[in-house]
Structure formats: C-alpha cells, structure tokens
Amino acid sequence: MRAPRSSAALAGIALLGTVLTACADNASGQLMAHNGDRLVETLSNPPTGTCHRFPQGVTHVDNHMLSNIVLYTTEDCTVPEGGGSTYLAQQSSDEAVHSTGLWRSFGFADE
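Small disclaimer: the values here were computed from a predicted structure and weren't measured.

Caption draft 1: How the structure looks around the sheet that holds strand 6 (residues 85–88). Taking strand neighbours across the sheet as the criterion, the four strands line up as 3-8-5-6 in an open arrangement whose pairing is antiparallel. Lying at the two open borders of the sheet, with one neighbouring strand each, are strand 3 (52–58) and strand 6. Across the sheet, the mean angle from the axis of one strand to that of its neighbour is 30°, orientation sign disregarded. Here three bridges tie strand 3 to strand 8 (residues 103–108), and the two strands are oriented antiparallel to one another. Along strand 8, the bridge assignment pairs valine 58 with tryptophan 103.

Caption draft 2: Highlighting the packing of aromatic side chains. Considering all chains together, one arrives at two aromatic pairs under this definition. Judged by centre distance (5.8 Å) and plane angle (70°), the ring pair of phenylalanine 106 and phenylalanine 108 falls under edge-to-face. Each member of the pair, phenylalanine 106 as well as phenylalanine 108, is classed as buried. Linked through ring pairs, Phe54, Phe106 and Phe108 together constitute an aromatic cluster.

Caption draft 3: The nonpolar core, seen in detail. Grouped together as the largest cluster of nonpolar side chains are 16 residues, with contacts concentrated most on Leu31, Phe54, Val61, Ile69, Leu71 and Phe106. Looking at this core, the elements with two or more residues in it are strand 1 (29–35), strand 2 (38–44), strand 3, strand 4 (60–65), strand 5 (69–72) and strand 8. A per-element tally of this core places strand 8 first, with three residues. In contact with phenylalanine 106, not counting residues within four places along its chain, are Leu31, Leu43, Thr50, Cys51, His52, Phe54, Ile69, Val70, Leu71, Tyr72 and Cys77.

Caption draft 4: The side chain of histidine 60, seen in detail. The topology assignment puts histidine 60 in strand 4. Within the local environment of histidine 60, its side chain forms a polar contact with the side chain of aspartate 62, the two groups lying 2.8 Å apart. Non-local contacts of histidine 60, meaning those with residues more than four positions away in its chain, are made with Met32, Ala33, His34, Ser93, Asp94, Glu95 and Trp103.

Quick notes on the rules
- Residues numbered from 1 in each chain as written.
- Predicted model: local features only at pLDDT ≥ 70, side-chain atom pairs only at ≥ 80, totals over all residues.
- Heavy atoms only, no water.
- Pairing = 2+ DSSP bridges.
- Helix = DSSP H or I, 4+ residues; strand = E, 2+ residues; numbered from the N terminus.
- Axes fitted to C-alpha atoms, helices over the stretch in contact; angles between N-to-C directions.
- Phe/Tyr/Trp six-rings, centres within 6.5 Å; stacked < 30°, edge-to-face > 60°.
- Buried < 20%, exposed > 50% of the residue type's maximum accessible area, 1.4 Å probe, protein only.
- Core = buried A, V, L, I, M, F, W, Y, C linked by side-chain atoms within 4.5 Å.
- Contact = heavy atoms within 4.5 Å.
- Polar contact = N/O pair within 3.5 Å; in protein donor to acceptor, adjacent residues only side chain to side chain.

Now the structure itself:
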C-alpha cells in the first residue's frame, strides 16, 4: 500500500529536523592551534558545551569557526586566581602574551 505524498513529505521534514538538531551540538568551522611555528592541533566542527584541552600549551590560535571562544591558561577552562582569560571572536586570530603564559584549553563563549 502506498503512503500519501503528504505523509512522505511530513516524514522527510521530521527527519531533516532531527538531523539539524543533532548538528546544533557542534560548532561550524575549524580551529588551528600552534606553539611557535609548529601546528599542535586542528579541530573541525568541535562539540560545544564542553571544555577542550590542547595536547600541550599553545602560543597562537586561529579561530575559523562561526562561534566565539574563550582561551584559558588552565587545562580545565577555569580562570586562576589573579589570572584572566582571552576572548577570541569568530574568524579571528590571537597570540598569547608572554606575561600570561601558554593557553591550555578553550570553551565556547556563546553558551
């Protein structure tokens, strides 16, 4: 028995909505982290809502994502007493200042 076209269309719309909702948990784009001239890590479409730890400290970050991030000198996305964090807007780059030390993690600022 054939399903009416309207039922098939509704099923397709429901499936598309489910797929789009699942993708909402990931940022769109790529983040590149360097230590000096050496590439340390490249992340594509990383999950949001979590702290991301770099495998080692980094001196330069290129944020080619459609999301703003916050860079931390700690491994757990916290600000140490007397320390700070660095806001990095989407589609921009920044270098660590020698007085703050290397960045060790990042989280998403839009949450």
